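Commentary on secondary and tertiary structure
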Amino acid sequence: MNCSTDIKQRRVTFEIDKAIDEEAVLAAAHAFAGRAEVWTTDGGVELEAQEGSGLDAAGLESLAEEFNEELVAQELRRRIAASNRSVREYLITQALLAAANEQGQHATDPQLGNLTGDQEDEIARLIREAEQELSGGDLPGKGAAAVTGEGGEGQDEPLDPKEILKAWEEKSGA
Amino acid sequence: MREAALAQALEKDLPESVGPVFFRKIGPRYLLTNDAGSHLWLEQDPFLSFLRGELEKETPLWNDLAAGGFLGNYMNFEVLGGRWRQRTKYLQEGAGLHLVALTRRNSQGSPYAARPAAGLDDHQFDMTLALARRLAKFIFDSPSSEITLELRGGDPLLNWDVLTFLARHASSFAGSVKRKLRIAAVSPLASLTDEQAAFLAEFKIAVAVPFDGPRDLHDSLRPDLEGGSGWERTLAGVARLRKAGVEPEGFFTVTRGALGRAPDVIAAYRDAGFDAIRVRAPWPAGDARSRWKEIGVGAAAYSEFYRELLDGVLALEAQGIPFREKGAASLLGKILLGTDCGAVEHRLLYGGGLGELAYDYNGDVYPSDEARALASADGDALFRMGSTDLGFANLVGHPTVRALAVASDLGGQPTCSRCAYKPYCGVSPVYNRAAQGSLQGRNPTNDRCGSYLGTFDALFERLRDEKTKTVFERWARAEEYRQGEPLPPFLSGGLL
């Protein structure tokens, strides 16, 4: 891989591997914040080292090598995250449900603690989606919606299976 | 220009065997972690083989990867989900940590002293008994079965009547409603009397003291406002407290004057009779902001100091002298024991409002003590939510708490979401606000992020040594937070 340097402008330009996605370029540029400004060019990138960095040609080349390492690492991280998104979401959804189950004193369904019918439907839908994705193989970018502490679409009240929002008297019946 | 080491792994799609893994290159090796909290070191070639799906099955390395949950096609969801659940139990709990600033008055200076400064006799900056009574009721109306009440200031001992009222009232109330209670106080101990020490002992109040080690360092950062030596008065207080049977712990804030002096700091702590230290990075807030060039420390310098200190402490351990770094011990609990250490700043979502609430002397409520202290030191009341009149549900569901949660969500932070230390770390939007002017912050240039990267690097590098690992396991167990107990005190982030 070749690069060209401009010491006066503190710039180094080089082509990047075509296998690297734009998201990885952005992530690598973010990681280099404070060290260099990163400009995308047609098929490559141009790094402009921070003012006062005092880099000579070798220093600029070394900066480019380091950035290229970061690009590859970020692209791998992007691919790992994309290909495992539904696996991670399934794992965490199951863990949250198991936790709710551990604590669900008023559960009608042992899988779904103290939830309203709408909330149960929403969680059941999320689980089904995650399981469908897993059974059909990982589908990057099509993962199930993450379960958060919020109610589902159209619900005004937040989920509160542990009654975190309730005062002690209400919770204990005191 | 040479090729990137892992470039070959980009030649084809990732195989199914590469599971949800985070990685970080440290020296010549790669550290692998995942959401379940597993970690594993791989040399470069085996890591490349892993990424290319070329590892031979049933080898010791393959077995280690499978056991850790790193192989996408050999994941035990029940086991890994159970580990994730164990590590994030706090998601099922409410705010059980309550930090109350009893006064702004303090007999020692501090880089984060309140503005306007409160004179030693300036009682307008004290919490009143009436307010303390309302506050105690509010705290015990909260839903947590386990409550930690941490008294801060200024110096909370200077508002002694309110301190004793809260301690008596909380203890009695906790007993009558069968709720677990832990009380703690952070004080320089400069004005501690024998009677006060006896009271702290009687009510089992844990005490922490900001102590900067060598005399010159302590006195330059925390001068005695009555003209004496803050260092002398603090040590006198420590001795008085020990005589009453209470063993305090010491906080050490790394400032520029400490750089290169880690051995002196350890020696000063040992001379003062401490068998542990808790190291903290400085904040660019209050006086520390305007004096940053004089006392501030960036991430690189902090990390270097931290490694030096850690090695000094481990050298003592190697000689059979028990001494531990308590901050490390808390993080090691997450790494080695797979448990939550109870620190509200090391969560998937910032714990301000979700795990902790803080109250100023005048009844103002903040999501966390660092948010309260920032308002006190900088006059930046962005995080002030109102008073307890809002009620518990409105406070923990306050838009400020939601904004903090969104800004700190590790899955939404560009660098954190794929960081190898994500399973063990957390973001403080309050620090981000103080240091970078936004809740989201920008981690690549964020000293808190850099300091934690340095800390985790130092811990993981040393964990490769079996003898050190044994020591670290002992530290982790000594600081282990057991579910069902009140949150441990002194773990809330902040400015001390």
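Residues numbered from 1 in each chain as written. Chains lettered and ligands numbered in written order. Predicted model: local features only at pLDDT ≥ 70, side-chain atom pairs only at ≥ 80, totals over all residues.

Below, the discussion takes up the overall build of chain A. Scanning chain A from terminus to terminus reveals four helices and four strands. Within the span of chain A, comprising 174 residues, buried residues form 34% of the whole. Of the contacts made within chain A by residues no fewer than 6 positions apart, 59% connect residues no fewer than 24 positions apart. (Helix = DSSP H or I, 4+ residues; strand = E, 2+ residues; numbered from the N terminus. Buried ≥ 20, exposed ≤ 12 C-beta atoms within 10 Å, placed from the backbone. Contact = placed C-beta atoms within 7 Å.)

On to the overall build of chain B. Broken down by element type, chain B carries 19 helices and 12 strands. Taking 2.2 N^0.38 as the reference for a compact globule, 496 residues should give roughly 23 Å; the C-alpha atoms of chain B span a radius of gyration of 23 Å, in line with that estimate. Principal axes of the C-alpha set define a box for chain B whose edges measure 70 × 50 × 40 Å. By sequence separation, contacts in chain B at least 24 residues apart represent 74% of the contacts at least 6 residues apart. (Rg over C-alpha atoms; globule rule 2.2 N^0.38 Å.)

Among the nonpolar cores identified, the biggest contains 187 residues, and A:L63, B:V100, B:L149, B:L166, B:L309 and B:L332 are the most heavily contacted of them. Contact partners of B:V100, with chain neighbours within four places excluded, come to B:L135, B:L149, B:L151, B:R152, B:L166 and B:Y359. (Core = buried A, V, L, I, M, F, W, Y, C linked by C-beta atoms within 7 Å.)

Turning to the domain arrangement of chain B, a few remarks are in order. All names here are of chain B. Its domain assignment divides chain B into domain 1 (7-87) and domain 2 (93-394). Computed from C-alpha atoms alone, the centre-to-centre distance between domain 1 and domain 2 is 40 Å. Taken together, the contact pairs five residues of domain 1 with five residues of domain 2. Among the elements that make up the side of domain 1 that touches domain 2, the one with the highest residue count is helix α3 (residues 77-87) (three residues). Per-class residue counts for the side of domain 1 that touches domain 2 are no nonpolar, three polar and two charged. (Domains from an automatic or database assignment. Nonpolar A, V, L, I, M, F, W, Y, C, P; charged D, E, K, R; others polar.)

For the peptide bond that leads from B:G153 to B:G154, omega is 20 degrees, which places it in the cis range. Its location among the elements puts B:G154 in the loop between β5 (146-152) and α5 (160-176). A positive phi angle, near 60 degrees, is found at A:R10, a position not held by glycine. Note on placement: A:R10 falls in the loop between β1 (3-6) and β2 (11-15). A residue is classified by how many C-beta atoms lie within 10 Å of it, and A:R10, with 21 of them, is buried. Phi is positive for B:L189, close to 65 degrees, though the residue is something other than glycine. For B:L189, a count of 29 C-beta atoms within 10 Å corresponds to the buried category.

Attention shifts here to the sheet that holds strand β10 (residues 324-325) of chain B. Residues and elements named next belong to chain B. Read across the open sheet, the nine strands follow the order β10-β9-β8-β7-β6-β5-β4-β11-β12; overall the sheet is mixed. Where the open sheet ends on each side, the last strands, each with one partner, are β10 and β12 (365-366). Where strand β7 (residues 206-210) meets strand β8 (residues 249-253), three bridges bridge the pair, whose relative direction is parallel. Across the sheet, the residue bridging to V209 is G250, located in β8. (Pairing = 2+ DSSP bridges.)

For sheets, the rule is that strands pair by backbone hydrogen bonds, running either parallel or antiparallel. All names here are of chain B. As summarised here, the arrangement of the three strands in space is β1-β2-β3, forming an open sheet in which the pairing is antiparallel. At either end of the open sheet lies a strand with only one pairing partner, and these are β1 (22-26) and β3 (39-42). Pairs of neighbouring strands in the sheet enclose a mean axial angle of 25 degrees, with direction left out of account. (Axes fitted to C-alpha atoms, helices over the stretch in contact; angles between N-to-C directions.)

With 45 residues of chain A at the contact, the number on the chain B side is 39 residues. At the level of secondary structure, the elements contributing two or more residues to the side of chain A that touches chain B comprise α1 (22-31), α2 (57-103) and α4 (168-172) of chain A. Of all the elements, α2(A) adds the most residues to the side of chain A that touches chain B, at 25 residues. Grouping the constituent residues of the side of chain A that touches chain B by class yields 24 nonpolar, eight polar and 13 charged.

This part takes up the confidence of the model for chain A. Residue and element names in this part refer to chain A. Taken as a whole, chain A shows an average pLDDT of 75; of its residues, 57% reach a score of 70 or greater. Confidence, expressed as mean pLDDT per element, reaches its minimum in chain A at α4 with 63 and its maximum at α1 with 95. Low pLDDT, under 50, characterises residues 105-114; the stretch is placed with 20 contacts to residues that sit more than four places away or in other chains. Segment residues 137-156 is flagged for pLDDT under 50; beyond a separation of four residues in sequence, or across chains, it makes 40 contacts in the model. (pLDDT = per-residue confidence, 0-100.)

This part takes up helix α14 (residues 369-378) of chain B. Residue and element names in this part refer to chain B. Taking burial as the measure, the 10 residues of α14 include 10 buried ones, the bulk of the element. Those residues of α14 that fall on the buried side of the exposure criterion are D369, E370, A371, R372, A373, L374, A375, S376, A377 and D378. For α14, the secondary structure elements touched by its buried residues are β4 (97-101), β5, α10 (286-290), β11 (356-359), β12 and α17 (429-436). Of the residues trailing α14, G379 is marked for its positive phi of about 75 degrees.

Quick look at the confidence of the model for chain B now. The share of residues in chain B with pLDDT of 70 or more is 99%, and the mean pLDDT across the chain is 93. Both scores are given for the predicted complex: the pTM is 0.88, the ipTM 0.88.

Attention shifts here to the pairing of β1(B). Residue and element names in this part refer to chain B. Sheet topology note: the β1/strand β2 (residues 29-33) ladder contains five bridges and is antiparallel. Across the sheet, R24 pairs through a bridge with L31, a residue of β2. Linking two consecutive strands that pair antiparallel, namely β1 and β2, is a turn of two residues; a positive phi of about 65 degrees is found at G27 within it.

Okay, the packing of helix α13 (residues 326-337) of chain B against helix α19 (residues 466-478) of chain B next. All names here are of chain B. The contact between α13 and α19 brings their axes to 8 Å, and the two run at 105 degrees. The angle between the axes of α13 and α19 places the two elements in the roughly perpendicular class. Touching A328, A329, L332, G333, L336 and L337 of α13 are F472, E473, W475, A476 and A478, all from α19. Classifying every residue of the contact of α13 with α19 gives nine nonpolar, one polar and one charged. (Parallel < 35°, antiparallel > 145°, perpendicular 65-115°, else oblique.)

This part takes up helix α4 (residues 129-141) of chain B. With 13 residues, α4(B) ought to run about 18 Å at 1.5 Å a step, and its terminal C-alpha atoms sit 18 Å apart, in line with that. All buried positions along α4(B) are accounted for by B:A132, B:L135, B:A136, B:F138, B:I139 and B:F140. (Expected span 1.5 Å × (residues − 1).)

The next point concerns the environment of B:A9. Mapped onto the elements of the fold, B:A9 is located in the segment before β1. Taking C-alpha positions, B:A9 is 6.5 Å from B:L48, a pair spaced 39 residues apart along the chain. Beyond its immediate sequence surroundings of up to four residues, B:A9 is in contact with A:L76, B:L48, B:L51 and B:R52.

All names here are of chain B. It is at 10 Å that the axes of α4 and α5 come closest, and there the two elements cross at 30 degrees. As judged from the angle between their axes, α4 and α5 are roughly parallel. Crossing handedness for the pair α4 and α5: right-handed. Residue-level contacts link L129, A132, A136 and F140 of α4 to D161, V162, F165, L166, H169, A170 and F173 of α5. Per-class residue counts for the contact of α4 with α5 are nine nonpolar, one polar and one charged. (Left-handed = near helix turned anticlockwise from the far one by under 90°.)

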